[in-house]
Amino acid sequence: MNSYATMTALVTGASSGVGWEAAAQLAEAGYGRIIITARSAEKVAEAGASLSARVPGAQFVPVTLDLDDFGSISRAADGLIADGTAIDALILNAGVASTTQLRRTSAGIEQIMAATLTGHHAFTQHLLRGGLLSAHAHIIIAGSEAARGDVPSFTVVDVAELAAASFDGDLERAIEAILRAEPPVKYSNNSQYATAKTFAVWWARELATQLPAGMTVNAVSPGNTPDTQASRAMPAIMRRVLLPLMKLIPGVSHSVPAAAARYLSAIEMSDDVTGTFFASPPKKMTGPLTAATQSHFTNPAGQRALWNVLERLTAE
């Protein structure tokens, strides 16, 4: 019997793209139970049906989870906790690509930040409080090469500089302004995306300090993967010109299966690998997973401030 047969994985944003493929690859690897989530019951049911067609006999458990809606997050987590099956691999894949139009959730959180960070924080904390993660659970949150600072047109907001200039040095107030995309923060889609993915790294680093021995959390970039629905909200020039060009240049992009395989590689890492961001090699968009060591990813004051803000914004 495959050693994974008794193990359970959960993948958010599994209705299409990298999340769907990751769920399929987990089933093919032999995981006994794969929980898949999507924003609506219809989408997650369709995903379950298509996944079952690819991997007949695998157990896919559909759960409706809208990461923009704290009520939906609570209902999804409470249902899983009531079921009681421990989760061994938690892949926080859901998110949205950078979009030119500023949108906020009903809680006033900018959409990229909500999908990437606040929703996943609330969901993970629910599961942890409910004791639903196994003793050696591996948590993965989706990162991006855009956070490194070496991808053209993607700039990470300097939180300390913003705090000093506009908030008397208060990092928490500066971070909340970024999460809400409120003045003095000027919304820029690419900057917001890169900063959200930097915050995902800070979140993983901070959570790593709180997890019991045996549990791990890492940020993992799936790499540049144009063939997903994530591009649907991107500016037209990106969708119609730049992405097709990327697919023609060797090494600039890779396939959806290659992207999903990164998550599976990460959940196989040893229990002493935690609080790390893995992405493509410096200045590359694909290639072997490499620990990113840019200095702005190591910011204990920033990551603690971010954590405090997330706890406040997601408090029930």
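The shown structure was predicted, so the numbers you read here are calculated from the model rather than taken from an experiment.

Undergrad: Before we go on, may I ask you to explain unusual backbone geometry in this structure?
TA: Glycine aside, the phi torsion of most residues is negative, and most peptide linkages are trans. Cis geometry is adopted by the peptide bond preceding Pro-184, which originates at Pro-183 and carries an omega value of 10°. One non-glycine residue, Asp-168, adopts positive backbone phi at about 50°.

Undergrad: Is there a simple way to think about the environment of Leu-67 in this case?
TA: Relative to the assigned elements, Leu-67 resides in the loop between β3 (60-64) and α3 (70-83). C-alpha separation for the pair Leu-67 and Thr-12, spaced 55 residues apart in sequence, amounts to 9.2 Å. Here Leu-67 is in contact with Ile-73, Ala-94, Ala-114, Ala-115, Gly-119 and His-120, once residues within four sequence places are set aside.

Undergrad: Just to check I follow, could you spell out helix α7 (residues 189-208) for this structure?
TA: Structural remark: α-helix, 3.6 residues per turn; residues separated by three or four positions point the same way. Compared with an ideal rise of 1.5 Å per residue, which puts 20 residues at 28 Å, α7 spans 29 Å between its outermost C-alpha atoms and is within 8% of the ideal. Within α7, 19 of the 20 residues are buried, which leaves the element mostly enclosed by the surrounding structure.

Undergrad: Explanation requested: the pattern of salt bridges in the structure shown.
TA: Pairs can form between side chains of opposite charge once their charged atoms are near each other. Counted according to the given criterion, the structure contains 11 salt bridges. The partner of Arg-312 in a salt bridge is Glu-176, with the nearest N and O atoms 3.0 Å apart. Note that Arg-312 is positioned in helix α10 (residues 300-313) and Glu-176 in helix α6 (residues 171-180), a separation of 136 residues in sequence. Ionic contacts of the salt-bridge type, sharing partners, join the residues Glu-172, Glu-176, Arg-180 and Arg-312 into one network.

Calculation rules
Residues numbered from 1 in each chain as written. Predicted model: local features only at pLDDT ≥ 70, side-chain atom pairs only at ≥ 80, totals over all residues. Heavy atoms only, no water. Helix = DSSP H or I, 4+ residues; strand = E, 2+ residues; numbered from the N terminus. Contact = heavy atoms within 4.5 Å. Expected span 1.5 Å × (residues − 1). Buried < 20%, exposed > 50% of the residue type's maximum accessible area, 1.4 Å probe, protein only. Salt bridge = Lys/Arg side-chain N within 4 Å of Asp/Glu carboxyl O.

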